[in-house]
Amino acid sequence: MSTFAGFDRPLNQYKVTELRGFLRQRSLKVGGVKKVLIERLKTALQEEQDNNSDNVASDQEEEEAEAESQRESPPPDPTNAGPSSDVSQTQPQALTTDTSGDGDGDGEFNTN
């Protein structure tokens, strides 16, 4: 009899009370003789293992798809960059000062 991940010995070496505890943790029925409890727990553990391997495979597929999309679209060439909306690359505008003091920003004193 094989051991499952998280178990330090084969299931048939656990006491009935321990098996029932494992079943309760998984919200499964806890009634029956030891053989029935072991089969119920084995089924649940196998399903958990299958679900985990499905999740791992799904994660690996997503990572592979992301890596493939990055290989298909190379990074932009900075020497051939056109206008950019990136604020960090925007050149600051020269500030003009209205030296006339009339507050209209044209630098000329207007009396109107």
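Look above for the structure.
Keep in mind the model is a prediction, meaning the values are calculated, not measured.

**Details of the overall build of the chain**
From N to C terminus, the chain includes 2 helices and 0 strands. Every one of the 112 residues in the chain was classed for burial, and the buried ones make up 12%. For the chain, contacts bridging at least 24 residues in sequence account for 19% of all contacts bridging at least 6. When the accessible surface of the chain is totalled, it reaches about 9200 Å², and 49% of it is carbon and sulfur.

**So, helix 1 (residues 16–25)**
Every α-helical turn comprises 3.6 residues, leaving residues that sit three or four positions apart pointing alike. Among all positions in helix 1, only Leu19, Phe22 and Leu23 are buried. In a view along the axis of helix 1, the buried residues occupy a sector of 100°, so they form one face of it. The exposed set on the far side of helix 1, more than 90 degrees from its buried face, consists of Thr17, Arg24 and Gln25. Positive phi appears at Ser27, one or two residues downstream of helix 1, with a value of about 55°.

**Here we look at the packing of aromatic side chains**
Scanning the entire structure with this criterion turns up 3 aromatic pairs. Centroid distance Phe7 to Tyr14: 5.9 Å. Interplanar angle 85°. Geometry classified as edge-to-face. Taking relative accessible area as the criterion, Phe7 reaches 9% and is therefore assigned buried. Since its relative accessible area comes to 6%, Tyr14 is described here as buried. Taking the centre distance of 5.1 Å and the plane angle of 90° together, the rings of Tyr14 and Phe22 count as edge-to-face. Cluster of aromatic residues (ring-pair linked, three or more members): Phe7, Tyr14 and Phe22. Above the plane of the ring of Tyr14 lies Arg9, whose end atom (NZ or CZ) is 4.0 Å from the centre.

**Let's talk about unusual backbone geometry**
Positive phi outside glycine occurs at Ser27, with the angle close to 55°. When you line up the elements, Ser27 lands in the loop between helix 1 and helix 2 (34–72).

**Details of the pattern of salt bridges**
Summed over all chains, the structure comprises 4 salt bridges. Among the salt bridges present, the one from Arg9 reaches Asp8, with a minimum N-O distance of 3.5 Å. Given a relative accessible area of 62%, Asp8 falls into the exposed group. Notably, a salt bridge pairs Glu48 with Arg26, separated by 2.7 Å at the nearest N-O pair. Highlighted residues: Glu48 in helix 2 and Arg26 in the loop between helix 1 and helix 2, separated in sequence by 22 residues. For Glu48, a relative accessible area of 33% translates into the label partly exposed.

Here is what the cut-offs are and how they apply
Residues numbered from 1 in each chain as written. Predicted model: local features only at pLDDT ≥ 70, side-chain atom pairs only at ≥ 80, totals over all residues. Heavy atoms only, no water. Helix = DSSP H or I, 4+ residues; strand = E, 2+ residues; numbered from the N terminus. Buried < 20%, exposed > 50% of the residue type's maximum accessible area, 1.4 Å probe, protein only. Contact = heavy atoms within 4.5 Å. Areas by Shrake-Rupley, 256 points an atom, 1.4 Å probe, with all protein chains shown as cover. Arc of directions from axis to C-beta. Phe/Tyr/Trp six-rings, centres within 6.5 Å; stacked < 30°, edge-to-face > 60°. Lys NZ or Arg CZ within 6 Å of the ring centre and 35° of its normal. Salt bridge = Lys/Arg side-chain N within 4 Å of Asp/Glu carboxyl O.

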